[in-house]
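# Survey of secondary and tertiary structure
If you want the building blocks of each chain, they are given just below.
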Amino acid sequence: MSSLDDFASAELARLDTGALRRRLATTDRGEGAFADRNGRRLVSFSCNDYLGLSHHPRVIAAAQEAAARHGTGAGASRLVTGNHQVLEVLEARLAAHKGTEAALVFGSGYLANLGIVPALVGPRDLILIDALGHSCLFAGARVSGSEVVRFRHNDVSHLAEELSARRAKHKRALILTERVFSMDGDRAPLDAILDIAGLHDAWTLVDDAHGLGVVEAGCRAPLEMGTLSKTLGSYGGYLCASRAVIDLMTSRARSFVYTTGLPPASAAAALAALDIVEAEPERADRPLMLARRLTERLGLPKAESPIVPIHVGEASAALALSAALEARGFLVVAIRPPTVPAGTARLRVALSAAHSEAQVDALAEAIVELR
Ligand SMILES: *Cc1c(COP(=O)(O)O)cnc(C)c1O
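Residues numbered from 1 in each chain as written. Predicted model: local features only at pLDDT ≥ 70, side-chain atom pairs only at ≥ 80, totals over all residues. Heavy atoms only, no water.

### Here we look at the packing of aromatic side chains
Cut-off, in case you're wondering: Pairing of aromatic rings covers Phe, Tyr and Trp, the last counted by its six-membered ring, and requires centre-to-centre distances within 6.5 Å; plane angles under 30 degrees mean stacked, over 60 mean edge-to-face, and any other angle means tilted. Think of it this way: any DSSP run of H or I at least four residues long counts as a helix, any run of E at least two long counts as a strand, and we number them from the N terminus. Type-normalised accessible area, obtained with a 1.4 Å probe on protein chains alone, sets the label of each residue: buried when under 20%, exposed when over 50%, and partly exposed for intermediate values.
Evaluated as defined, the whole model comprises 2 aromatic pairs. Seen in terms of ring centroids, Phe45 and Phe330 are 6.3 Å apart; in terms of plane orientation they differ by 50 degrees. Their pairing is tilted. In this pair, Phe45 sits in the loop between β3 (40-44) and α2 (57-70) while Phe330 sits in strand β12 (residues 330-331), placing the two residues 285 residues apart along the sequence. We note that Phe45, like Phe330, is buried. When the ring of Phe106 is compared with that of Phe256, the centres are 5.7 Å apart and the planes differ by 70 degrees; the resulting orientation is edge-to-face. Here Phe106, found in strand β4 (residues 102-106), pairs with Phe256, found in helix α9 (residues 254-257); they are 150 residues apart in sequence, far enough to count as distant. The buried category is assigned to Phe106, whose relative accessible area is 2%.

Written out as structure tokens, the structure reads:
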């Protein structure tokens, strides 16, 4: 064997020892929160398609029509020939939805954070990031070369302490957090964070990947990024901010400049989904209502979002519980380190408007029996 394959095999063996190896499973997601795997139909509680819009007939039709009229790919970077009009219409609608002057659509949420952060801060600057922030926030922070300080999850006094101790030594400061935390489902104390940010002339970026369309309450940060691939059922990322910030990103965010524009069909699908989010507000209440039904049945703290973590601890135990649920017809994927801190492996249950009350109750019953 070559040293390359030796290396890969040794690393895989190490992952196996800790039950941390990841494997792909062929999955066919259908309408109504179903997912087919290994020839079986499962009720999926692992999709971020919170309103079921990825299978909505109007969203599908918008994508089909856009692909038929404009082709399947954007053809080039948006700064070359990839800036289709539907992207601009989508940006105007996202900005209006968030109440900002402007918006910019990126290739994905991950790419957005990878580009936004280094376009705003550099080696002389300071980044304060919630310890449970998403991997792509950390990736953007690392690429920036700034001093990166983690503050304890949702701990505003720790954030204030770190800012008081370090802010004066840096030119600019940027706080990175999430509206709804992706693996815990709790919400950031944004009012308090924005107050502290104001006191120290720090900027705040909120990752709203799991909030848009399902948890909209609360204040807005000057930098609101998110994804088109969760509630909006499509693919892509965005930043909503002032005109000046968006114009700067258009020139400076490398993950915007040096990558191909989003396909028109993805933008058209997101636009149709945003129409539905805005026209049918009652749809948005359902995932949180079902999440609260589940936490009540399980005796857990009241859900703050459609995401409910079922804490297990060890990675191997999380895999075992996930497999036992799959045997009963439920798809609830185990979340293991390094996605979450060591010793906090869990099942992450994501509720959708497409679930029925009976499906949620059946899942609760199965979890109670198996734990
Ligand atoms: C999913 C997610 C992203 C990445 O978005 P993609 O469009 O899937 O790349 C970013 N931040 C958070 C918090 C997420 O959960």
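Once the structure has been displayed, the description carries forward.
### Some points on the pattern of salt bridges
Pairing between side chains of opposite charge can happen when their charged atoms approach one another. Our working definition: In the sections that follow, a salt bridge refers to a side-chain nitrogen of Lys or Arg positioned within 4 Å of a carboxyl oxygen of Asp or Glu.
Applying the stated criterion to the full structure yields 27 salt bridges. The partner of Lys98 in a salt bridge is Asp208, with the nearest N and O atoms 2.4 Å apart. With Lys98 in helix α3 (residues 85-98) and Asp208 in the loop between β8 (203-207) and β9 (223-227), this residue pair connects regions lying 110 residues apart in the sequence. Residue Lys98 shares its accessibility class with Asp208, and that shared class is buried. Between Arg179 and Asp208 there is a salt bridge, and its shortest N-O distance comes to 3.2 Å. Residue Arg179 is found in the loop between β7 (173-178) and α7 (190-199), and its partner Asp208 is found in the loop between β8 and β9; the two are separated by 29 residues along the sequence. Salt bridges sharing partners connect three or more residues here, namely Lys98, Arg179, Asp208 and Glu224.

### Examining the environment of Ile60
Selection rule: Working rule for contacts: check all heavy atoms of both residues, and any pair within 4.5 Å makes them a contact.
Of note, Ile60 is situated in helix α2. As for Ile60 and Ala272, which are separated by 212 residues in sequence, their C-alpha atoms are 8.8 Å apart. The contact partners of Ile60, leaving out residues within four places of it in the chain, are Ser54 and His55.

### Thoughts on the sheet that holds strand β13 (residues 334-335)
Threshold: Paired strands are those between which DSSP finds at least two bridges. For helices, the fitted axis covers only the stretch in contact; all axes are lines through C-alpha atoms, and the angles between them, taken along N-to-C directions, range from 0 to 180 degrees.
What the 3 strands build is an open sheet, ordered β11-β14-β13; its pairing is antiparallel. A single partner strand is all that each edge strand has here, and the edge strands are β11 (307-313) and β13. As paired strands, β13 and strand β14 (residues 345-350) are joined by 2 bridges and run antiparallel to one another. What sits directly across from Ala334, in β14, is Leu347. Relative to β14, helix α12 (residues 315-327) is tilted by about 40 degrees, and along the sheet it contacts β11, β13 and β14.

### Remarks on the site of the ligand
Put simply, the rule reads: Whether a residue is near a molecule or strand is decided by its heavy atoms; if any one of them lies within 4 Å of it, the residue is near. Counted as a polar contact is a pair of N or O atoms within 3.5 Å, where, for protein atoms, one must be capable of donating a hydrogen and the other of accepting one, and residues adjacent in sequence contribute only when both atoms are in side chains. Accessibility throughout is a Shrake-Rupley quantity obtained with a 1.4 Å probe, and a residue counts as covered only by protein chains that appear here. For this classification, Asp, Glu, Lys and Arg are treated as charged, while Ala, Val, Leu, Ile, Met, Phe, Trp, Tyr, Cys and Pro are nonpolar and the rest, including Gly, are polar.
The immediate surroundings of the ligand are formed by 14 residues, with Gly109, Asp207, His210, Thr227 and Lys230 found nearest. Gly109 has a polar backbone atom sitting 2.8 Å from an oxygen atom of the ligand. Relative to its free-state accessible area of 380 Å², the ligand is covered by the protein chains to the extent of 87%. Residues that form the shell around the ligand fall into these classes: 3 nonpolar, 8 polar and 3 charged.

### Topic: the sheet that holds β4
Spatially, the 7 strands line up as an open sheet ordered β4-β10-β9-β8-β7-β5-β6, and their pairing is mixed. Pairing within the sheet leaves two strands with one partner each, and these edge strands are β4 and β6 (147-151). Within the sheet, the average angular offset between the axes of one strand and its neighbour, ignoring direction, is 20 degrees. This element, helix α5 (residues 135-144), spans β5 (126-130), β6, β7 and β8 of the sheet and lies at about 165 degrees to β5. On the sheet, helix α6 (residues 156-166) packs against β5, β6 and β7 and is oriented at approximately 150 degrees with respect to β6.

### As for the side chain of Ser54
With respect to the helices and strands, Ser54 occurs in the loop between β3 and α2. Look at Ser54 and you get buried, because its relative accessible area is 18%. The contact partners of Ser54, leaving out residues within four places of it in the chain, are Arg29, Asp49, Ile60 and Gly233.

### Examining the layout of surface pockets
Defined as follows: In the cavity and pocket records, a cavity denotes points on a 1 Å grid over the protein atoms alone where a 1.4 Å probe fits but cannot get out, a pocket denotes an open set with protein on both sides within 12 Å along at least 5 of 7 lines, and lining residues are residues with an atom within 4 Å of a point. Grid points are joined across faces, edges and corners, and a volume is the space filled by probe spheres set on the points. What fixes the domain bounds is an automatic or database domain assignment.
For the largest pocket, the calculated volume is near 1,100 Å³. For the largest pocket, the lining is made up of 31 residues, of which Arg23, Arg37, Val333, Ala334 and Ile335 are closest to its centre. Of all the elements in the fold, those that place two or more residues in the lining of the largest pocket are β2 (34-37), α12 and β13. Among the elements that take part in the lining of the largest pocket, α12 stands out by supplying 4 residues, more than any other. Looking at the lining of the largest pocket residue by residue, the classes come out as 11 nonpolar, 10 polar and 10 charged. No fewer than three residues from each of domain 1 (23-53 + 281-370) and domain 2 (74-262) sit in the lining of the largest pocket. Surrounding the second largest pocket, 19 residues form its lining, Gly133, Ser135, Phe138, Pro338 and Thr339 being those nearest its centre. Two domains each donate at least three residues to the lining of the second largest pocket, and these are domain 1 (23-53 + 281-370) and domain 2 (74-262).

### A word on the side chain of Glu162
Looking at where Glu162 falls in the secondary structure, it is placed in helix α6. Overall, Glu162 belongs to the buried group, its relative accessible area being 14%. At a separation of 2.7 Å, a polar atom in the side chain of Glu162 contacts the side chain of Arg166. Dropping the residues within four chain positions of it, Glu162 is found in contact with Leu128, Val149 and Arg167.

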